[in-house]
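Structural overview
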Amino acid sequence: MRSLHFLYHEIRPTQTEYSYVIDVEDFKKHIDLMVAMRARNDLELYPCVTFDDGHISNFEYALPILQERGIEAHFFITAGWTGNKPGYMSWQELRSLHASGQAIGAHGWSHTLLTHCNAKELHAELNNSRMILEDKLGAPVTAMSLPGGRYNRRVLTACEEAGYKQIYTSIPRSEPERHGLTIGRLNIRKDMKLAWIEDLFNPSKSALPRLERLYQVKAAAQALMGDRMYEKLWAILNREEPDAHAAEATRE
Ligand SMILES: [Zn+2]
């Protein structure tokens, strides 16, 4: 069986236009769908849940929903924001999240795109984040997700050298049971309807391969435009909130 990893950022009880903030009620429906999918005996794709950035809403809203439904998710934390940046979890909240049985991974120190880092910065982003997470949680941290989903061969090598065994990307594709070093994920946006998400589990609908092709086109556009121009366009297309504390976190 293959697995399909879903990627969330912020969950909010009030409506917003911002694409990367998912409404609490919609999130419940997504998780209910995943529970129903996992229970099917003709299942071909096993759904997994991940979160990037360490937003406080992951602890306040997502955790109780996951606990009620017995789902264990993987939370990737921007270590330098923890206990430091308004809107993000404190160390105490993170410890409590971990103690409740949820998995914790790293998401860099400062959320700098790793492809922009020189060797020294790359080392600091990858090692400092893993060490502080391991120290504060008292548990090994061997998985990370790439800020902005950006990577190249140099970044992957540095991740492996820093002790990471699994590297989560934002490439929307399913993974075989014995997955390799990188693990693709589907970045969930507000405009993705429940019926469309359900179609992802139906191979005859080809929703997932279509999405991966679209991602490749987007990645090519990004490479042509450069990160700065791409981020301006991203902000317009995703109705980014002018003062969103999540904004810099989520430009995937
Ligand atoms: Zn992020």
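Residues numbered from 1 in each chain as written. Predicted model: local features only at pLDDT ≥ 70, side-chain atom pairs only at ≥ 80, totals over all residues. Heavy atoms only, no water.

We apply this condition: UniProt positions are given in the numbering used here, feature names are shortened, and annotations may be inferred rather than shown by experiment.
Naming follows an unreviewed UniProt entry, where the chain appears as Glycosyl transferase of Edaphobacter dinghuensis. In its Subcellular location (unreviewed entry) section, the UniProt entry covering the chain states "Secreted".

1. A short note on the pattern of salt bridges
To be explicit about the condition: Salt-bridge detection follows one rule: a side-chain nitrogen of Lys or Arg within 4 Å of a carboxyl oxygen of Asp or Glu. In this description a helix means any DSSP run of H or I spanning at least four residues, a strand means any run of E spanning at least two, and both kinds are numbered starting from the N terminus. We call a residue buried when its accessible area falls under 20% of the maximum for its residue type, exposed when it is over 50%, and partly exposed in between, using a 1.4 Å probe and counting protein chains only.
Tallied over the entire structure, the rule returns 11 salt bridges. Salt-bridge contacts for Asp32 lead to Arg69; the nearest nitrogen and oxygen are separated by 2.6 Å. Separated by 37 residues along the polypeptide, Asp32 in helix H1 (residues 24-39) and Arg69 in the loop between helix H2 (56-68) and strand E5 (74-77) bring together distant segments of the chain. We classify Asp32 as partly exposed; its relative accessible area is 37%. Where Lys205 meets Asp199, a salt bridge forms, and the shortest distance between an N and an O atom there is 3.9 Å. Owing to a relative accessible area of 26%, Asp199 belongs among the partly exposed residues under this scheme. It is possible to trace a salt-bridge network through shared partners that takes in Asp32, Glu68 and Arg69.

2. Here we look at the nonpolar core
What counts is decided by this rule: Buried Ala, Val, Leu, Ile, Met, Phe, Trp, Tyr and Cys residues that are joined via side-chain atoms within 4.5 Å together make up what is termed a nonpolar core. Contacts are assigned to residue pairs that have any heavy atoms within 4.5 Å of one another.
Residues Phe6, Tyr8, Phe27, Phe51, Leu94, Leu126 and Leu133 are the most contacted members of the largest nonpolar core, which totals 55 residues. With 6 residues, the single largest contributor to this core is H1. With near-sequence residues (within four places) excluded, Phe6 lies in contact with Met34, Pro47, Cys48, Val49, Thr50, Leu186, Ile188, Ile197, Leu200 and Phe201.

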